[in-house]
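In case you want the letters, here they are:
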Amino acid sequence: MNAVVRAVAGIESGTAFVRGKELDAEYPLPAPYEIESIPQLFPDPVKNFGRFPRHVRAACAACALALKAADIRHEKGERRDIALFAAGYEPTLTINREFFKDYLDAGRTMGRGNLFIYTLPTSAIAEVSIHFALTGPAIFIEADSAPFERLLDVAAQMLHQPYAPDAAVLFWQDMEKTLCVIAGPGSDGLEDNKRHDQLQHRAAKWRTPGEAIRHLKHARAVGF
Amino acid sequence: MVTPYGPGADAGWNGIVSGHSAIKGNCKFSREVFITQNAAMIPGPSGTERSRLMDIVAPALESIRPRVPEDAALLLATTTGEIDLLERAVIGGLPELLEQAHPRNLLNMVKKRLGIRGPAEVISAACASSAAALARAADMVSTGRNRAVLVAGCDALSEFVFAGFSTLMALSPTRARPFDCRRDGLSLGEAAAFALVMEPERAYAEKRDINARIMGWASASDANHMTGPSREGEGLAETIKKALRMAGLTSRDITSICAHGTGTVYNDAMEMKAFNSVLGNVPAPLYSIKGSTGHTMGAAGVLEALIAAESIKKDTIPPTVGAEEPHADAAGRVSDQCREIKDNHTVLTTNSGFGGANSAIILGATQ
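Computed from a predicted structure; not experimentally measured. (Residues numbered from 1 in each chain as written. Chains lettered and ligands numbered in written order. Predicted model: local features only at pLDDT ≥ 70, side-chain atom pairs only at ≥ 80, totals over all residues. Heavy atoms only, no water.)

Colleague: Report on the overall build of chain B, specifying residues and quantitative values.
Modeller: Looking only at helices and strands, chain B features 12 helices and 15 strands. What you see for chain B is a C-alpha radius of gyration of 19 Å, in line with the 21 Å of a compact globule of 367 residues. Dimensions of chain B, computed from C-alpha atoms along their principal axes, come out at roughly 60 × 55 × 40 Å. Restricting to contacts in chain B with at least 6 residues of sequence separation, those with at least 24 account for 77%. Accessible surface, chain B: about 12,800 Å² in total, of which carbon and sulfur atoms supply 50%. (Helix = DSSP H or I, 4+ residues; strand = E, 2+ residues; numbered from the N terminus. Rg over C-alpha atoms; globule rule 2.2 N^0.38 Å. Contact = heavy atoms within 4.5 Å. Areas by Shrake-Rupley, 256 points an atom, 1.4 Å probe, with all protein chains shown as cover.)

Written out as C-alpha cells, the structure reads:
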C-alpha cells in the first residue's frame, strides 16, 4: 500500500517552485505570496480570487502549478475524481481571530460573511476543489505528530481502496509557506514501495511546511 | 454520547424518539442581535474545564475510558474545537490563549484522558467532519493499518458560531423543520458522540457489544460553491453511489435513510434530489434528527450514525420533529412519528457541509 509523488509545488517568501515530469521551474516572487507574477498560472480565471485570504490564493496557485507538472490538465467543466487533504491550522486560527475581532469591532452585531466562510480548516481546499472541479473528498487532517507523513499515509490508504479517487492533492500550509504534492497510487512493485517508504521516513522528521519545502525543492528527493 | 437531552445513548435515543425538540430559547445569545435565541444546548456543563467543549466532553471520556483499547487510534472530528478560548483571547487580548485554541491541544487532552497510545488525528470536513472521520476509520481498519479506531465527534455552541451562521442568514427564526414545506433554516445544537470502529474478529473475540456493521462508506465534494450545496445534488448522489458499490448493495437494499436534513430550503431540496436520483425506484423512508437535537455540526455524522445503529437494533426509525407538513418532494417518506422497519434493516446516513463536503455511510445489522 503506497502512494507515489507525481509533482511537487511550493510557495514561500520570494519564490515559487514546481517539480514534475511535465514542468520543472522556479519563479521569483516580488513579495511573499505575490503569486500573480507567475506567468500563465491559471488556465481560467479563478472566480473571486482577489477576495480570497492569501493562504487560499496560495493553495490555488500551488495546485495549478502541481497539476500542470503532473500533466493533469484542467479543462473547464470537466470534473475529476481527485481527493484533497490539508494540514496546517495556523491560517485558520488567523482568519478565526480576524473574523471574531471584526465582529466585536462592529459592535457585536453582524460579522462579515465573506470572512466567516474562510474560518474552517477546509476552506482553502474547498476553493481549490471548486476551481479545478476536483470531486474527491476534501478533508483537513492534523496529526498529533509529523503532519505530512500522516497525509502521505492517508493518501496511500485511500488510493488503494475500491472505487478510490484517481489521485490525491496534499497541502501543508502556514501563514508564509505552502506545499502542494500530487500523489497517485503506486504499483505493488519494489521500486514504488521503496520510494514511498523513503519519503515517509523523511517526512517523519519535518515539523513545518518550510522544512518540507527545503527538502522537496530538490527534484532528486522525490525520485523524478 | 452527550446530547441536549443529557448524557448517555439512552437519553439521546429516548429524547429523539419522544418527539420533543431540545431546541429552545436561551439567554446566551441576544435576541436583539441575532435572528433567534433558539438552539439545542447541553444542559449544565460544570464549568470546571478550560472550555465549554471540554466541559461537555470530559465526563463522557471518563465514562467510556474503560471500554477504549489502549492500542486504538483516535480521530477527533470537530469544526471549531475550543473556539471559546479564541473568543476569550480576542476579547481579553491574550495571545497565549489563542495558541491554546489550536485543535491539536484538544486532541492531546482527549488522547491523554482516554489513555490511548495509538496515532491520533484531528479530522475536519465542515459539517460532515465526523462522517468523514467514520469513513477514514473504516479505511484504517479495513486496510489492516489499525485494529481499533475511536471516532470522537464534538462541537459546542459559542458566540463565534452563532454570529457566523447568523451572518449567513442560515438560522431559522423559530425551530428547524427538516423536509417540512414551511422550513426556513437550521437550528444550531451541540453534542459529543463516540464510536469505536473495530475489526470484526477482534470485536467478537473481545465479546464487545456491537451496535452495527459498517458496510460501505464514501466521501466526496460537490466542487460547486463555498456555502451552498449543488442544487441538483450530484455530489451527494455520487457519494451515495460509491458507498453502495463499496457495500456491494443496490438501492433496493436500503430500507431507511438518516438524512443530514438541516432544515434549510436548499440543503433539504438538494438531498431529496440526490436520494431520488440514486434510490428513486425504492422510496425508503427517511428522517432527520436535527429538528430534535439541532445541527450539531462536527458531531452530527457520528451522532447520527449511532442513532441509525440504534434504530437497526430497535427496528424503529425516529420521527423528523417539525416535519408536520412534509414538502411535496418528501411526502410519504418523512414523518413526524416513529415508524417500524422490519427485516434486513440497512440504513444509509448522509452528511454534507460548507465547501461542498459530502459523506455517506451504510450501516447494517450485526451477524
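On we go.
Colleague: Break down the sheet that holds strand β9 (residues 213-221) of chain B for me, citing the residues and quoting the values.
Modeller: Residues and elements named next belong to chain B. Reading across from one edge, β9-β15-β14-β10-β11 is the order of the five strands in this open sheet, with mixed pairing throughout. The strands lining the two open edges of the sheet, one partner per strand, are β9 and β11 (286-287). Here seven bridges tie strand β14 (residues 347-353) to strand β15 (residues 357-364), and the two strands are oriented antiparallel to one another. Its bridge partner lying in β15, G353 is registered against A357. Across the face of the sheet, helix α12 (residues 300-314) comes into contact with β10 (256-258), β11, β14 and β15 while running at roughly 165 degrees to β14. (Pairing = 2+ DSSP bridges. Axes fitted to C-alpha atoms, helices over the stretch in contact; angles between N-to-C directions.)

Colleague: Any chance you could break down the side chain of T296(B) for me, citing the residues and the numbers?
Modeller: All names here are of chain B. Residue placement: T296 occurs in the loop between α11 (290-293) and α12. T296 sits in the buried class, given a relative accessible area of 1%. In this structure, T296 is in contact with D155, G189, E190, A191 and L303, ignoring residues within four places of it in sequence. (Buried < 20%, exposed > 50% of the residue type's maximum accessible area, 1.4 Å probe, protein only.)

Colleague: Kindly report on the interface of chain A and chain B, identifying the contributing residues and their values.
Modeller: Listed by partner, the interface residues are 51 residues for chain A and 58 residues for chain B. Buried area between chain A and chain B, summed over both chains or domains, comes out near 4,600 Å², and the portion from carbon and sulfur atoms is 63%. On the surface where chain A and chain B come into contact, there are six salt bridges. The partner of E121(B) in a salt bridge is R150(A), and the shortest N-O contact between them spans 3.1 Å. Connecting chain A to chain B are 18 residue pairs in polar contact (both at pLDDT 80 or more). Put simply, the parts of the chain that give the side of chain A that touches chain B at least two residues each are α2 (90-105), α3 (113-116), α4 (123-132), β5 (138-143) and α5 (147-159) of chain A. When grouped by side-chain class, the residues that make up the side of chain A that touches chain B number 28 nonpolar, 12 polar and 11 charged. As paired elements, β5(A) and strand β6 (residues 120-124) of chain B share four bridges and run antiparallel to each other. Its bridge partner lying in β6(B), E142(A) is registered against V122(B). (Buried area = accessible area lost by both parts, 1.4 Å probe. Salt bridge = Lys/Arg side-chain N within 4 Å of Asp/Glu carboxyl O. Polar contact = N/O pair within 3.5 Å; in protein donor to acceptor, adjacent residues only side chain to side chain. Nonpolar A, V, L, I, M, F, W, Y, C, P; charged D, E, K, R; others polar.)

Colleague: Explain the side chain of T293(B) to me, and be specific about the residues and the numbers.
Modeller: Mapping T293(B) onto the fold places it in helix α11. Setting aside chain neighbours within four positions, we find T293(B) in contact with P4(B), Y5(B), I16(B), A40(B), G189(B) and L303(B).

Colleague: Can you lay out the packing of aromatic side chains for me, pointing to particular residues and giving the numbers?
Modeller: Evaluation of the coordinates by the stated rule reveals 15 aromatic pairs over all chains. Look at F42(A) and F132(A): their rings are 6.5 Å apart centre to centre, the planes differ by 40 degrees, and that puts the pair in the tilted class. Of this pair, F42(A) sits in the loop between β3 (24-28) and α1 (54-69) while F132(A) sits in helix α4, placing them 90 residues apart in sequence. For F132(A), a relative accessible area of 2% puts it in the buried group. Relative to F160(B), the ring of F99(A) has its centre 5.2 Å away and its plane inclined at 75 degrees; by these criteria the two rings are edge-to-face. One end of the pair, F99(A), is in helix α2; the other, F160(B), is in helix α7 (residues 159-167), on a second chain. By relative accessible area, F99(A) is classed as buried at 0%. Across the ring face of Y266(B), the terminal group of R231(B) is positioned such that the distance to the ring centre comes to 4.0 Å. (Phe/Tyr/Trp six-rings, centres within 6.5 Å; stacked < 30°, edge-to-face > 60°. Lys NZ or Arg CZ within 6 Å of the ring centre and 35° of its normal.)

Colleague: Give me the lowdown on the packing of α1(A) against α4(A), citing residues and values where you can.
Modeller: Residue and element names in this part refer to chain A. Between α1 and α4, whose axes approach to 9 Å, the crossing angle comes to 45 degrees. One element, α1, and the other, α4, form an angle in the oblique class. For α1 against α4, the interelement crossing comes out right-handed. Residue-level inspection shows H55, V56, A59, C60, C63, A64 and L67 of α1 in contact with α4, the latter providing A124, E127, V128 and F132. Among the residues making up the contact of α1 with α4, the classes are represented as nine nonpolar, one polar and one charged. (Parallel < 35°, antiparallel > 145°, perpendicular 65-115°, else oblique. Left-handed = near helix turned anticlockwise from the far one by under 90°.)

Colleague: With reference to specific residues and values, describe the pairing of β9(B).
Modeller: For a regular strand, side chains alternate in direction, first toward one face of the sheet and then toward the other. Residues and elements named next belong to chain B. For β9, the tally of buried residues reaches seven of nine residues, placing the bulk of the element in the interior. As paired strands, β9 and β15 are joined by eight bridges and run antiparallel to one another. Residue R213 lies in a different strand from β15, and its bridge partner there is G364.

Colleague: I'd like to hear about helix α1 (residues 9-18) of chain B, residue by residue, with values.
Modeller: Side chains that are three or four residues apart share a direction in an α-helix, a result of its 3.6 residues per turn. All names here are of chain B. Turning to α1, its buried residues number three or more, namely G12, W13, G15 and I16. One side of α1 carries all its buried residues, which in axial view fall inside an arc of 165 degrees. On its buried face, α1 sits against β1 (2-3), α11, α12 and β12 (316-317). After α1 finishes, the residue G19 shows a positive phi value of roughly 85 degrees. (Arc of directions from axis to C-beta.)

Colleague: Requested: an account of the pairing of β15(B), with residues and values cited.
Modeller: For β15(B), the tally of buried residues reaches eight of eight residues, placing the bulk of the element in the interior. Between the antiparallel neighbours β14(B) and β15(B) lie three residues, among them G355(B) with a positive phi of about 85 degrees.

Colleague: Just give me the short version of the environment of A138(A), but keep the residues and values in it.
Modeller: Residue and element names in this part refer to chain A. Here A138 is to be found in strand β5. On the basis of relative accessible area, A138 is assigned to the buried category, the value being 12%. A C-alpha to C-alpha distance of 9.5 Å links A138 and S123, two positions 15 residues apart in sequence.

Colleague: Give me the lowdown on the confidence of the model for chain B, citing residues and values where you can.
Modeller: Here chain B averages 95 in pLDDT, while 99% of its residues score no lower than 70. Reported for the predicted complex are a pTM of 0.97 and an ipTM of 0.96. (pLDDT = per-residue confidence, 0-100.)

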